Amino acid sequence: MRAPFARLFSPIALGHATAKNRIVSTPHGAAFGEKGSITERYIRYHEEKAKGGCGVVMMFRLLEHPSDVDQ
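Scope of this entry: the structure provided in the associated data block. (Residues numbered from 1 in each chain as written. Predicted model: local features only at pLDDT ≥ 70, side-chain atom pairs only at ≥ 80, totals over all residues. Heavy atoms only, no water.)

Glancing now at the side chain of Ser25. Here Ser25 lies in strand S3 (residues 24-25). Not counting the four nearest positions on each side in its chain, Ser25 is found in contact with Lys49, Cys54, Val56, Val57 and Met58. (Helix = DSSP H or I, 4+ residues; strand = E, 2+ residues; numbered from the N terminus. Contact = heavy atoms within 4.5 Å.)

Take helix H1 (residues 40-51) next. Taking 1.5 Å of rise per residue, 12 residues should cover 16 Å, and H1 covers 16 Å from first to last C-alpha, within 8% of that figure. Of all the residues in H1, the buried ones are Tyr42, His46 and Lys49. The arc that holds every buried residue of H1, seen down its axis, measures 55 degrees, which confines them to one face. For H1, exposure combined with an orientation more than 90 degrees from the buried face picks out Glu40 and Lys51. As for H1, its buried residues are in contact with S3 and strand S4 (56-57). At the C-terminal side of H1, Gly53 shows a positive phi close to 125 degrees. (Expected span 1.5 Å × (residues − 1). Buried < 20%, exposed > 50% of the residue type's maximum accessible area, 1.4 Å probe, protein only. Arc of directions from axis to C-beta.)

Our focus in this paragraph is unusual backbone geometry. With a phi close to 60 degrees, Phe5 is a non-glycine residue in the positive phi region. Positionally, Phe5 belongs in the segment before strand S1 (12-14).

Encoded structure:
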């Protein structure tokens, strides 16, 4: 009998890289940035998710709200 979720914990090729498993943390607002910049807290947040076992940790760059940018 096959173990439950066997494929979930198996590696998968993603282009030229290989993820150690198929667990993915998708981008979301963590509210750890300051004034549109990435902070050490934000970096540590994503590092801890990777250490916790996520095969892929997706993130996005924090951007200023369009009304805050000079035109």
